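Observations on the model geometry
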Amino acid sequence: MATRYWIVSLPVPSPGATSNSLWARLQDSISRHSFDTPLYRFNVPDLRVGTLDSLLALSDDLVKSNVFLEGVSHKIRRQIEELERAGGVESGALTVDGVPVDTYLTRFVWDEGKFPTMSPLKEIVGSIQSQVAKIEDDIKVRSAEYNNLRSQLSAINRKQSGSLAVRDLSNLVKPEDMVTSEHLVTLLAIVPKYSQKDWLSSYESLDTFVVPRSSKKLYEDNEYALYTVTLFAKVVDNFKVRAREKSFQVRDFEHSPEAQESRKEELEKLLQDQEAMRTSLLQWCYASYSEVFSSWMHFCAVRVFVESILRYGLPPSFLSAVLAPSAKGEKKVRSILEELCGNVNSIYWKSEDDIGIAGLGGESEAHPYVSFTINFV
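Residues numbered from 1 in each chain as written. Predicted model: local features only at pLDDT ≥ 70, side-chain atom pairs only at ≥ 80, totals over all residues. Heavy atoms only, no water.

Side note on the overall build of the protein
As a reminder of what qualifies: Strands here mean DSSP runs of E at least two residues long; helices mean DSSP runs of H or I at least four residues long; both are numbered from the N terminus. Exposure categories follow from relative accessible area, calculated using a 1.4 Å probe and restricted to protein chains: below 20% of the type maximum is buried, above 50% is exposed, and the middle band is partly exposed. Pairs of residues are marked as contacts when any of their non-hydrogen atoms sit within 4.5 Å. Using the Shrake-Rupley algorithm and a 1.4 Å probe, accessible areas are obtained, with residue cover drawn only from the displayed protein chains.
When its secondary structure is counted, the protein shows 10 helices and 10 strands. Expressed as lengths along the three principal axes of its C-alpha atoms, the size of the protein is roughly 110 × 45 × 35 Å. When each of the 377 residues of the protein is scored for burial, the buried share is 44%. In the protein, the share of contacts with a sequence separation of at least 24, taken over all contacts with a separation of at least 6, comes to 80%. Looking at the protein as shown, the accessible area adds up to about 20,000 Å², and 51% of this sits on carbon and sulfur atoms.

This is the structure we're talking about:
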């Protein structure tokens, strides 16, 4: 599937010519000179023209509006790809109204029920913008909720698998590792990995009430080692101060099977909530992408209509089409379109002096016919 398309319109030459005869000429030229370029007719309905002033006012915002609609479309597509990756789902082809996105564009049919053609063009564009703006607001809220839940899980995972200085120690310490009596208590010391010899040679001297040879290594990661040490309860505070002076961290710890089980249940619930939210958000994104892309294509039809009238005049008499030329075939296709345009002022549109003078709607590309690019990704 191509991801980059041109939407163009050509003026129907008069007298006696029709859009159908121009379409036949375009098909023939493409098939003879650029046969590998997909070509489709883009069906623009007879919209309400209004006044010249209203068309000029509308044309000023067409490019900016297109950037907005395209941006929201891409944002939802990226969100879909991220959610599919998170769920281990292989990315599938996105659809619009039940058909692939490229098919929707190349076989575009105006939805009269959603956008009545007799409505003023400004009203149609405004309706499209407001619908898409609401969807953009919704995705911000929904994505924030999902990302907040992911952040909670990430924080728990850091505690479960992070550095010994911060992680939860309950799954590393067994009840038999801890000595608790009326006078004795076992502490957990976090020792820098490369300071273990220093710990083993000095911990007994950090206080006179430390039980000799009581320290045992329970676990080691890339940065730290986890040691136990047993001492008299009355000197715990003094021992912590002396240990900290030698860069040994004493972690507060209380072995509680109930708390450990509670944390486990909390993690399982968060995982279930995350998957449920991911699935719900993904389904919403599928539906919203379809809605946004459909609205965007209707906007493109309005844009072709407005720019064609401003370029070619009244009454509306033009042929609109969709092409997907390869990079190496673009120059050839441009020359075909220019030849069929038959514009006696085509030299003006190509002149280097005027290349900065944008086409109608403020496009940086200047051609003697209406042309703009649609990027799916």
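What about the sheet that holds strand β6 (residues 216-220)?
How we decide: Between any two strands, pairing holds if DSSP finds at least two bridges. In this analysis an axis means a line fitted to C-alpha atoms, helices contributing only their contacting stretch, and an angle means the value between N-to-C directions, from 0 to 180 degrees.
Within the open sheet, the four strands sit side by side as β6-β7-β5-β8. Their pairing is antiparallel. Every other strand in the sheet has two partners, leaving β6 and β8 (249-251) as the edge strands with one partner each. Taking the axes of each pair of neighbouring strands and ignoring which way they run, one obtains an average angle of 35° across the sheet.

Observations concerning the sheet that holds strand β2 (residues 39-41)
On the basis of which strands lie adjacent, the open sheet formed by four strands has the order β2-β9-β1-β10 and antiparallel pairing. The sheet is open, and its two edges are formed by β2 and β10 (370-375), each paired on a single side. On average, adjacent strands in this sheet sit at an angle of 25° to one another, irrespective of strand direction. Two strands pair when backbone bridges link them, and strand β1 (residues 4-11) and strand β9 (residues 318-323) are joined in this way by six bridges, in the antiparallel orientation. Within the sheet, the bridge partner assigned to leucine 10 lies in β9 and is leucine 319. Here helix α9 (residues 330-341) sits on the sheet in contact with β1, β9 and β10, set at roughly 15° to β1.

Details of the packing of aromatic side chains
Here is the rule: Whether two aromatic rings pair depends on their centres lying within 6.5 Å, for rings of Phe, Tyr and Trp, where Trp uses its six-membered ring; planes under 30 degrees apart make the pair stacked, over 60 edge-to-face, and the rest tilted.
Summed over the entire model, instances satisfying the criterion amount to 14 aromatic pairs. Taken together, a centroid distance of 6.2 Å and an interplanar angle of 70° make the contact between tyrosine 104 and phenylalanine 293 edge-to-face. Placement of the pair is tyrosine 104 in helix α4 (residues 101-106) and phenylalanine 293 in helix α8 (residues 257-312), with a sequence separation of 189 residues. Considered together, tyrosine 104 and phenylalanine 293 belong to a single accessibility category, that of buried residues. Note on phenylalanine 293 and phenylalanine 376: the rings are 5.2 Å apart at their centroids and 80° apart in plane angle, and the pair reads as edge-to-face. Residue phenylalanine 293 is located in helix α8, and its partner phenylalanine 376 is located in the segment after β10; the two are separated by 83 residues in the primary sequence. Since its relative accessible area comes to 0%, phenylalanine 293 is described here as buried.

A look at the nonpolar core
As a reminder of what qualifies: Side-chain atoms within 4.5 Å are what join buried Ala, Val, Leu, Ile, Met, Phe, Trp, Tyr and Cys residues into a set we call a nonpolar core.
Grouped together as the largest cluster of nonpolar side chains are 55 residues, with contacts concentrated most on Ile7, Phe42, Ile76, Phe293 and Met297. For this core, the elements supplying multiple residues, two or more each, are β1, α2 (52-60), α3 (62-86), α4, α5 (121-161), α8, β9 and β10. Per element, the largest residue contribution to this core is 18 residues, and it comes from α8. Setting aside residues no more than four positions away along its own chain, isoleucine 7 makes contact with Phe42, Leu105, Cys300, Val304, Ala321, Val322, Val370, Ser371, Phe372 and Ile374.

What to know about the side chain of serine 214
By the secondary structure assignment, serine 214 is in the loop between α6 (196-202) and β6. Among the residues examined, serine 214 registers a relative accessible area of 16% and is labelled buried. Setting aside residues up to four positions removed in sequence, serine 214 forms contacts with Tyr203, Thr228, Val229 and Thr230.

A look at the pattern of salt bridges
How we decide: Salt bridges are defined by distance alone: a side-chain nitrogen of Lys or Arg within 4 Å of a carboxyl oxygen of Asp or Glu.
Under the defined criterion, the tally for this structure stands at 14 salt bridges. Linking lysine 193 and glutamate 220 is a salt bridge whose minimum nitrogen-to-oxygen distance equals 3.9 Å. Within this pair, whereas lysine 193 is found in the loop between β5 (184-192) and α6, its partner glutamate 220 is found in strand β6, the two being separated by 27 residues in sequence. For lysine 193, a relative accessible area of 25% gives the class partly exposed. Residue classification places glutamate 220 among the partly exposed positions, given a relative accessible area of 31%. When salt bridges that share partners are traced, they join Lys193, Lys217 and Glu220 into one network.

Focus on helix α7 (residues 236-245)
Residues lying three or four places apart along an α-helix face the same way, a consequence of the helix completing one turn every 3.6 residues. Our working definition: Directions from the helix axis toward the C-beta atoms define the arc.
Taken residue by residue, α7 has Val236, Phe239 and Ala243 as its buried positions. Down the axis, α7 shows its buried residues gathered within 60° of arc, on one side only. Within α7, the exposed residues directed more than 90 degrees away from the buried face are Asp237, Arg244 and Glu245. Where α7 is buried, its residues contact β5, α6, β7 (224-232) and β8. One or two steps after α7, the chain reaches serine 247, where phi turns positive at roughly 70°.

Comments concerning the confidence of the model for the protein
Low pLDDT marks stretches whose predicted atomic positions should not be read closely. Where we set the bar: Looking at any residue, its pLDDT shows the predictor's confidence there, from 0 to 100.
With 93% of its residues at a pLDDT of at least 70, the protein reaches an overall mean of 88. With pLDDT under 50 throughout, residues 344-364 is counted as low confidence; its partners more than four residues away or in other chains account for 27 contacts.

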